[in-house]
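# Analysis of the macromolecular model
Residues per chain are reported as follows:
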Amino acid sequence: MVQLTITSAAGLAIAEYCRQKKARQDHDGQAKAFDLEELSKADIGSPIDHHDLLEISKYLVRNSKTSDEAVGPAAARAWRLDILLRGATVYQPPPPPKKEPTPEYKALMRRLRQQEEERQYERMINPVHPPETFGQRFPSAAYAFNPATSHGASAADEVDDVTYADVNRQMILIINVLISIITCSVFIWVAARRWSVPSRLGLSMSGSGLVAAAEVAIYMGYIRRLNDARQKEVKKVEQKEIVETWVLLSTLLRIKIATLMMAPTDYHHPYQPYDIQQQFMDAMYACIEDGNVGIFESPTGTGKSLSLICSSLTWLREHKRKEFDEGVAAIDVDDDEPDWMAEHARDARQREMRQMREDLEARLQSVREREDRARERHANVEPQHKRRKVALDAELTLAQEDEQYMLDEYESEDDRTKPGSGTKSEYSTETTKLMERLGMIQTKKQDSADVDIDELKVFFCSRTHSQLSQFVGELQRVKLPPGMPPEPNATAPSDDTQAPEPVKQLSLGSRKNLCINPKVTKLGNQTAINERCIELQQSSTPAEHKCPFLPNKENEDLVLDFRDHALAKIRDIEDLANVGARLAICPYYASRPAIGQAEMVTLPYPLLLQKSARDALGISVKGHVVVIDEAHNLMNAIEGIYSTQISETQLRLARESLMVYLQRFRNRLKGSNRVYVTQVVRIIDSLLSFISTLGGVAATGGTLEPGQLLAGKAVDQVNLSKLVRYISDSKLARKVEGYASTVTAAQSVLTARTKAVQTTSDVPTLTHLQNFLMTLMNPSAEGRFFWSKEENTTIVRYMLLDPSEHFRDIVRDARAVILAGGTMSPMDDYKQQLFPYLTSLETFSCGHLIPAGNLLVRSIAADGEGALELNYKSRDTFTFTRIGKALLAIAPYVRGGLVVFMPSYGFLEQVAESWRSQSIAADLQKHKPIFWDSRAGSAEATFKAYSEAITAGQKGAVLLSVIGGKLSEGINFSDDLGRCVVVVGLPFPNLHTPEWKAKMQYIDSKAMARGEPKGKASREHAENVCMRSVNQAIGRVIRHKDDWASIILMDSRYTQQRIRAKLPGWMKESAPSDSPTNVQKVAEDVRGFFSRKG
Ligand code: SF4
């Protein structure tokens, strides 16, 4: 097959062919079927198969002959093949596209180019002296070759490019030849001295002539060989062999190394830090400096809090100094101004900035001194500050009390300004203006660039206020140099000699923690306090009923005074509430102006993790450092914050309460109130109707679609977003529940079960409904709806399956994010589940302070019966007996507390039943008294009894508890309370629940999108969740540097490398992979360990 180029005649023929074929719909029965669409697109010059052209030509010639007798023959001639081929050439396909060079080749070329550039640059800055030419060497010789003066015109035409070295070489060669000729002729002349003179002369001349000819021949041969070699070299394909490779350090790594080299040697730690603390602080400092996200693990008892404080605040103060210097250096004046002007401007700015800082410090110092004096005078009993007479509301009369539950008139206009958390419309105009001025609520101006002072700060976040209080206690010990460099002419030249500058710290909390209005705090629960507080500030509330502690025009100076008090000393949330009470100003609102000037803000999880809470408090983490402590719970906390649920019992309670309420206020409810309350009932009925369909279902849970929940009668006519706003704005939940609870105290209106829910719940059930409806309106793509039957009720819940998206804005805005905890292993899980979008994540796991001899870690993988794998299938009496016997082998050697963690309460109950039915429990009791944790019992009471038994007796005690249970987190098993901890089995979550199935599916779908095999990522996550709870439980036993304990992991799976890799770094060191795994051998090791400990 030959491909030809299409000529213009062929192009016309093709076009005509296509036209005719289309017109006739191909009734000619031609053998070959062309793709007419494709053919009609063929251009002149493009290829065509010569067979195709032949077919076309034949077709056109045949049809032309039959079509028109007059013009037919002429047309047929025009379509003849020889005409169509005239000017055509054999088509040469374009060369195939060049293959993409390999990355190695590209890297090599890049490197060579870079080297060449470097050489060029080197040549540019260090030019090589050009080689001296003959003309330069012999300048007068130029005259001899000057065309004007020389007779050798042809020589003068040549460019003088012969160098001195070339001439030198040629001269030496000629001289050599001459010397050898002369030497040869002299030699022959002397050797033939007996010959006649003419003979001698002839002989010596011919001899020297021969020598000369030989030398010339040799030289020419040499030159020819050189030329051949050069030509061969040119023809030869260059082969470059890689003889050495090297890696250029990435910019990040270079910065990091530089940072580590620059890392401070003094973190102002109140004690001499241990090596592991120093390493922790170095790594954290580098992580903050690089602006990275890092996970830091430091076991309990290794001074984690102080390490976190010292490294973050040392970085902060140093960064502030650097910024100060850079800010001053950046001040510039016009080019045409003299240097002294710039110098003067810099000095002025420096003075101004120093003055501002000194003013603040002086103000805070005076507050400190005042407080100290007050303390000396026992001013806490009778505060120095003149207490403002605060008139609280008189007690409400009964009639008023009834009236307070009446719903206010409600306007449902969409454009009506919404009262609510943190928005300024909830306050009177006067209050709003004042709060804006004091920076207590955000204004547009504050959102823009010219915000008030926003000091660089560290947001330190932990789970509970008690953890934050402990942290604040540690913070009080740290003394840091000022955040401003010493004045150039100051006498104190170094950090060490500068007086420390107190850290400006602020504790943030909710209204429940900070409210000082006794009439509001007595409500007890968070929601009620929030609602009541907002209600008391509304412009519709009479002045005498407003909260007297709320900032207003009269107490404006108190707000500023409070701000200074808050920053003057390091205080926990309780101290801050006391300051507010002493000054008679609301600490919840008055602490907001202090946020800008604080260097360290401590706050609990929900205030940081919830965007709405951050917005309400006016917190922005942009450019600041975020440190999250106890972060092993972080993913669960985020999922918990964004997950909602409501139970059938709660729905019934809400409905019954609404009915009770309507009986009393039905006739008084008008307009919008009546419409919306009816809609709430309709929604509840729809949810209950869905739940009733689950009654006959054998399953105990499953997933559901949001539409299933809202399939009730006329529910599609309800505008959910308006309804949710109504429930919130009208305080319907609080009013309905408040009224219902007052009447049910006297009448038995509600059912016993719903009353139980009402009395135990902290949040009104209608608020649960409101939260659930909010999620229902706008569920995020990372969550799913589920239902499950639990404890005689059915629960519908929305669960967030992926916490990463909700944490992403913090990671994006903050300069650096540090997640810290005592047991963060296995850390891979954070990478996959919390930061899948990050390309780099720093991890640091530090060892323990205890010496190696203070810890014994062993796995029990087998006993006399064989391998011991305690999976779900092997839960039977035989297995429970084997577990009991293994404990009986170890218990006699353990002095002090023996803590046994089982995988679940169900497992523990089965074990207890089995052991009691045999003699195992009794046999164990002979060695030590046994204490059982239980689902229903009080964990505190059990722990107290266990501790007392250890303190009182010589034998110690056994505590049987559950991983992830009430005694596995937050309880301290230091010293004798935990000399041996045994973890029985691997506490995998129940992967058969609808929630876990959905979660596993979700994780797998994301992993498969990344190209990972199905099932790998979800299995990994389940193992990580399991091992995190194991690590958390065993981390309870070593609590300080002198503590010692043994850790026994009872399950053959603990010997697998994959599982071992998920243990904390400090434990792995004490668990060599070749250590014995048989019960008897492990018991021997335990005996040896305790005998070594005396
Ligand atoms: S303004 Fe402050 S003190 Fe008054 S009710 Fe609200 S939180 Fe409590």
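Scroll up for the structure.
Residues numbered from 1 in each chain as written. Predicted model: local features only at pLDDT ≥ 70, side-chain atom pairs only at ≥ 80, totals over all residues. Heavy atoms only, no water.

Okay, the environment of Ser 40 next. Tracing the backbone through its elements, the reader meets Ser 40 in helix H2 (residues 36-40). Judged by relative accessible area, Ser 40 falls into the partly exposed class, the value being 39%. For Ser 40 and Tyr 17, which are 23 residues apart along the polypeptide, the C-alpha to C-alpha distance reads 9.0 Å. Once residues within four sequence positions are removed from consideration, Ser 40 is found in contact with Cys 18 and Lys 22. (Helix = DSSP H or I, 4+ residues; strand = E, 2+ residues; numbered from the N terminus. Buried < 20%, exposed > 50% of the residue type's maximum accessible area, 1.4 Å probe, protein only. Contact = heavy atoms within 4.5 Å.)

Now for helix H41 (residues 920-927). Every buried residue belonging to H41 is among Ile 920, Ala 921 and Leu 924, and all of these are buried. Relative to the axis of H41, the buried residues are bounded by an arc of 95° and lie together on one face. Buried residues along H41 sit against helix H39 (877-890), helix H40 (905-917) and strand E18 (930-932). (Arc of directions from axis to C-beta.)

Our focus in this paragraph is the pattern of salt bridges. Applying the stated criterion across every chain yields a total of 43 salt bridges. Notably, a salt bridge pairs Glu 630 with Lys 304, separated by 3.8 Å at the nearest N-O pair. Residue Glu 630 is found in the loop between strand E7 (625-628) and helix H29 (634-641), and its partner Lys 304 is found in helix H14 (residues 304-329); the two are separated by 326 residues along the sequence. When sorted by exposure, Glu 630 lands in the same class as Lys 304, which is buried. We note a salt bridge from Glu 501 to Lys 504, for which the minimum N-O separation is 3.1 Å. (Salt bridge = Lys/Arg side-chain N within 4 Å of Asp/Glu carboxyl O.)

With six of its six residues buried, strand E12 (residues 816-821) lies for the most part within the structure. Along E12, one buried face is formed by Ala 816, Ile 818 and Ala 820 and the opposite face, lined by Val 817, Leu 819 and Gly 821, is buried too. Bridging between strand E3 (residues 293-297) and E12 involves five bridges; their strand directions are parallel. When the bridges of E12 are listed, Ile 295 appears paired with Leu 819. (Pairing = 2+ DSSP bridges.)

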